[in-house]
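Read off the chains here:
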Amino acid sequence: MEQSYFDKTVHQTLEDLDSRPGGLSDAQAAQRLERYGKNALADGKKKTGVQVFFEQFKDLLVVILMVAALVSLVSGEGESTVVIFAVLLLNAVLGTVQHFKAEKSLESLKAMSAPSAKVLRDGVRTVIPSAQVVPGDIVELEAGDMVVADGRILENFSLKVNESSLTGESEGVEKTADVIEAVQVALGDQKNMVFSGSLVTYGRATVAVTGTGMHTELGKVAALMNQTQQRKTPLQESLDQFSKKLAAVILCVCAVVFALSLWRAMPVLDALMFAVALAVAAIPEALSSIVTIVLALGTQKMAKQNAIIKDLKAVESLGAVSVICSDKTGTLTQNKMTPQKIYADGALLAEPELNLANDVQRLLLKAALLASDATTDEERGTSIGDPTEVALVMMGDRIGVDEGVYRSQHPRLRELAFDSDRKLMSTLHVIEGVPTLYTKGAIDVLLDRSTHVLTGAGAVPLTPEWKERISRTNMELSLEGLRVLALAYKELPEVRDLTLDDERDFTFIGLVSMIDPPRPEAVQAVADAKRGGVRTIMITGDHKVTASAIARQIGIFREGDEAVSGVELDGMSDHDLDERLEHISVYARVSPEHKIRIVKAWQRKGKIVSMTGDGVNDAPALKAADIGVAMGITGTEVSKDAASMILADDNFATIVKAVVNGRGVYTNIKNAINFLLSGNMAGILCVFLASVLGLPMPFAPVHLLFINLLTDSLPAIAVGVEPARKGLLDQKPRNPKEPILNKSLMLRILAFGAVIAAATMTAFFVGLNAGGAALASTMAFATLTLARLFHGFNCRGRESVFRLGLTTNRASLAAFGAGVLLLAAVLFLPGLSGLFQVAHMTAGQYGLIVLLAFLPTAAIQIYKVLCDRRK
């Protein structure tokens, strides 16, 4: 929100207030709604189905498939062209359906009822949807309300607002009201301003709306998010590099084969057919579709585990995550203050040990309940009020004391509202006929204003020794990251109006400490992440001491680690930050810009970074990270839109499950690529060898298309759904810079391809000697097809099928059976056998084909068994 817009809006608001004390008229509100637009943060339109569909064709692998189709068309193989384009359309439809499936899942999260607002229109108090609030409206706020627009406070009755969705800090912020000051002060003054997306936790106020939608502080963060560019996933980059190299290799090899064929005086058409066959053999037509299908199946599995993936390609990135930058409030913690330890009668005890039989502890609870306004509903698990006061009420709930009943028995007669300057709140009640003032506030203020301390023997003078003991206890609690609240009381001679002079000469009762506690599952999740080589970093808007204490409890902050505040971060250059980055585990009091800077610092070190959060202030960093993770229940809509993954259960542990699934998906994709390329390698070697030896072409292009698109696709998908193996979390994250086709995988592809090619060429030579080129081509085609079907079992994992278990992946058995049926249909059905140019074969030749096709798998499995024993 720029200053000119801000000033203009404030002036306009004040003019409206002068002329219409009852707020805007309905007609004027309608005009402003049309002028300013809907009260929303998303100005952009959703992509249409057509746009999403055509985006599926941008992948370089798809371009390669199109080139293959054109080559087949030029060669006179119309059937091949039709098949390839059919696969391309199927892949595009699948990607489009998955995109809108994810969008639908996201919309279901947004289906929660939108907040409403109480406004004054034509002098009448009306409740309207938040989307209809416009600048100039007068909005009434009270405890429990969501602030739906930015605005200046006109009247304030002890208003306190939780702005954690913007600042990341769970502690409420007190507000003041001064309309004249609203025009005169600098834009940075926020004490008499409320912001969209925050929650009223205490008091009530009347607010003049100054900005809605993108013209709010929340809108600023949304704009910053829109300026942040998303990065490609490691798999995207790896496949892009692979596609470029593959295209270059195919063109070079085809040119060599074509030239070699012409050099041997082969007719041009035959030479061109050799080149086409080699190209079709080399291009993994099903690869793009298989990768998409495996990723889609991975997202479905993760959705069942409450992790909704918005982008298919983000699945495999999870497996490479090495740093998780996590917001504290609401992500690692429960976003609610909880009582921890109590100091009363000279003793420090845990909150569950509170005993009403002890006079001092009973009076401490009485003061805590009466000098607060929060309420809780144990049956629904809900609460309304300032988080600090909710924590006080929780003490009563746990021992069966209902705050509502208790307050009705001792009604509040007078009150001195909390003020940040004096740091106290006082309420007056009649207790057993005696007017009694209960006060809660900062310990240093109350100690200075107390003359006695309550003990089991009654009130005794507050000596320097007592003060030292209480102060020492407060220091110990503060070092644990606990927020400490002091309580005291004072008897008055009569019920009368209170003045600030009444807040002195107290009898000190005791202390209540509290904290926004860690999520129980977060502790184990951080430990699991550490075991898997994933570093967790806390980034929060909270105090450094508090954040460090929470981080230490969760296991993030360890001996030798550092905690850095936003101010300290501003004083660091990028070079300094890079030098200290590995040692910093906690960042406190940070802004959205700081979060992006931290994420990018880790990315400069080559790390794949995940950023988790639920607030608006997290959204830009969620988008800048490789994997942005938003909370589905407590997360703001801006954070959900920016994230790659949404946790439907807000469970931090779900992230670790997603990392394991991501590693499993990447492993399966790698195994599927191994299967596809090693099979293709066998075909390439056969075609190349026949060309070099001047033999007839071993396969027709339609043979290779049948293998690549039909019989290969099913086993590849089966490999892609291989269950995740134990121990994935014990591995270190893979290096994102390492190509998917590394040296180890390339050697396996070459070795497997050579073994299968040897069996295929053996069948080819047998057929060539027994019945000529037609029989040789048929036997080579059948052997290669069946050998690749058997090969699917080899590519399920690095271990042998005996260790993996033959039935642990039933999809592989089904894929093998379906492939055999397809091959049998081509060999025995008259219509198909004619299309695929199948020659007549004897029973002995069929038996030889089965034997030769099985031998490569037998050899590979024997090698794996030996490796298993060696391990």
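Refer to the structure presented above.
One structure accompanies this document, and this report is about it. The shown structure was predicted, so the numbers you read here are calculated from the model rather than taken from an experiment. (Residues numbered from 1 in each chain as written. Predicted model: local features only at pLDDT ≥ 70, side-chain atom pairs only at ≥ 80, totals over all residues. Heavy atoms only, no water.)

Quick look at the pairing of strand β10 (residues 338-344)
Thinking step 1. The buried fraction of β10 amounts to five of the seven residues, a majority that puts the element mostly inside the structure.
Thinking step 2. As judged from the five bridges shared by β10 and strand β20 (residues 506-515), these two strands associate in the antiparallel manner. Paired with Ile 342 across the strands is Val 512, a residue of β20.
Thinking step 3. With four bridges connecting them, β10 and strand β11 (residues 347-350) associate as antiparallel partners. Each bridged residue has a counterpart across the sheet, and for Tyr 343 the counterpart in β11 is Leu 348.
Thinking step 4. Linking β10 to β11, which pair antiparallel, is a turn of two residues; within it Asp 345 sits at a positive phi near 55°. (Buried < 20%, exposed > 50% of the residue type's maximum accessible area, 1.4 Å probe, protein only. Helix = DSSP H or I, 4+ residues; strand = E, 2+ residues; numbered from the N terminus. Pairing = 2+ DSSP bridges.)

Here's the deal with the pairing of strand β2 (residues 124-129)
Thinking step 1. Of the strand pairs in this sheet, strand β1 (residues 116-121) and β2 are connected by six bridges, and their pairing is antiparallel. Paired with Ser 116 across the two strands is Pro 129, which belongs to β2.
Thinking step 2. The antiparallel hairpin formed by β1 and β2 contains two residues in its connecting segment, where Asp 122 sits at a positive phi of about 55°.

Description of helix α29 (residues 743-771)
Residues separated by three or four positions in an α-helix point in the same direction, a consequence of the helix having 3.6 residues per turn.
Thinking step 1. Helix length check: α29 (29 residues) gives 41 Å between terminal C-alpha atoms against 42 Å at 1.5 Å per residue, within 8%.
Thinking step 2. Looking one or two residues past α29, Gly 772 carries a phi angle of roughly 95°, positive in sign. (Expected span 1.5 Å × (residues − 1).)

A word on a nonpolar patch on the surface
Thinking step 1. Taken together, the side chains of Val 256, Phe 688, Leu 689, Val 692, Leu 693 and Phe 765 define a hydrophobic patch exposed on the protein surface, amounting to about 450 Å² of accessible area.
Thinking step 2. No other element matches the three residues that helix α26 (residues 653-692) contributes to the nonpolar patch.
Thinking step 3. With a relative accessible area of 46%, Val 256 lands in the partly exposed category. (Patch = residues over 30% accessible without salt bridge, like charges linked within 9 Å, V, L, I, M, F, W, Y side chains within 5 Å. Areas by Shrake-Rupley, 256 points an atom, 1.4 Å probe, with all protein chains shown as cover. Salt bridge = Lys/Arg side-chain N within 4 Å of Asp/Glu carboxyl O.)

Thoughts on the nonpolar core
One broad trend across soluble globular proteins is that nonpolar side chains are buried collectively.
Thinking step 1. Membership of the largest hydrophobic core comes to 86 residues, with the highest contact counts inside it found for Ile 470, Met 538 and Met 645.
Thinking step 2. With 13 residues, the single largest contributor to this core is α26.
Thinking step 3. Once residues lying within four places of it in the same chain are set aside, the contact partners of Met 645 are Met 302, Ala 307, Ile 308, Ile 309, Leu 318, Gly 628, Val 629, Ala 630 and Ala 658.
Thinking step 4. Counting residues in hydrophobic clusters, the runner-up holds 41 residues, among them Phe 699, Ile 756, Val 801 and Phe 836. (Core = buried A, V, L, I, M, F, W, Y, C linked by side-chain atoms within 4.5 Å. Contact = heavy atoms within 4.5 Å.)

Comments concerning the packing of helix α30 (residues 773-794) against helix α32 (residues 810-828)
Thinking step 1. The N-to-C vectors of α30 and α32 enclose an angle of 170°; their axes lie 9 Å apart at closest approach. With respect to each other, α30 and α32 are oriented roughly antiparallel. Contacts between α30 and α32 involve Thr 778, Phe 781, Ala 782, Thr 785, Leu 786, Leu 789, Phe 790 and Phe 793 from the former and Ser 812, Leu 813, Ala 815, Phe 816, Gly 819, Val 820, Leu 823, Val 826 and Leu 827 from the latter.
Thinking step 2. Class assignment for the residues of the contact of α30 with α32 results in 13 nonpolar, four polar and no charged. (Axes fitted to C-alpha atoms, helices over the stretch in contact; angles between N-to-C directions. Parallel < 35°, antiparallel > 145°, perpendicular 65-115°, else oblique. Nonpolar A, V, L, I, M, F, W, Y, C, P; charged D, E, K, R; others polar.)

Section: the side chain of Ser 812
Thinking step 1. Of note, Ser 812 is situated in helix α32.
Thinking step 2. With a relative accessible area of 8%, Ser 812 lands in the buried category.

Considering the sheet that holds strand β26 (residues 645-647)
Thinking step 1. The eight strands are arranged β8-β26-β25-β24-β9-β21-β23-β22 in an open sheet whose pairing can be described as mixed. Looking along the sheet, the strands with just one partner apiece sit at the ends: β8 (307-309) and β22 (562-565). Across the sheet, the mean angle from the axis of one strand to that of its neighbour is 20°, orientation sign disregarded.
Thinking step 2. For strand β21 (residues 535-539) and strand β23 (residues 584-588), the ladder comprises two bridges, and the chain directions are parallel. Residue pairing in the sheet places Ile 539 in a bridge with Tyr 587 of β23.
Thinking step 3. Lying on the sheet, helix α20 (residues 544-554) is in contact with β21, β22 and β23; it crosses β23 at an angle near 140°.

Topic: the environment of Asn 742
Thinking step 1. Relative to the assigned elements, Asn 742 resides in the loop between α28 (713-720) and α29.
Thinking step 2. Separated by 2.8 Å, the side chain of Asn 742 and the backbone nitrogen of Leu 745 make a polar contact. (Polar contact = N/O pair within 3.5 Å; in protein donor to acceptor, adjacent residues only side chain to side chain.)

Side note on unusual backbone geometry
Thinking step 1. At Asp 345, a position not held by glycine, the phi torsion is positive, near 55°.
Thinking step 2. Here Asp 345 is to be found in the loop between β10 and β11.
Thinking step 3. Since its relative accessible area comes to 29%, Asp 345 is described here as partly exposed.
Thinking step 4. Here the phi dihedral of Glu 432 falls at roughly 55°; this positive angle occurs in a residue that is not glycine.
Thinking step 5. In this fold, Glu 432 is placed in the loop between β15 (424-431) and β16 (434-441).

Some thoughts on the environment of Leu 462
Thinking step 1. Within the fold, Leu 462 resides in the loop between β18 (458-461) and α18 (464-479).
Thinking step 2. Sequence separation of Leu 462 and Thr 451 is eleven residues, and the distance between their C-alpha atoms is 5.4 Å.
Thinking step 3. Ignoring any residue separated from it by four or fewer positions in sequence, one finds Leu 462 in contact with Leu 447, Ser 450, Thr 451, His 452, Val 453, Lys 467 and Ile 470.

Here we look at the packing of α29 against α30
Thinking step 1. Relative to each other, α29 and α30 sit at 155°, their axes nearing to 7 Å. Of the possible angle classes, the one that applies to α29 and α30 is roughly antiparallel. For the element pair α29 and α30, the recorded crossing hand is right-handed. Each of Phe 752, Ile 756, Ala 759, Thr 760, Ala 763, Phe 764, Val 766, Gly 767, Leu 768, Ala 770 and Gly 771 in α29 lies in contact with α30, whose residues at this interface are Ala 773, Leu 775, Ala 776, Ser 777, Met 779, Ala 780, Thr 783, Leu 784, Ala 787 and His 791. (Left-handed = near helix turned anticlockwise from the far one by under 90°.)

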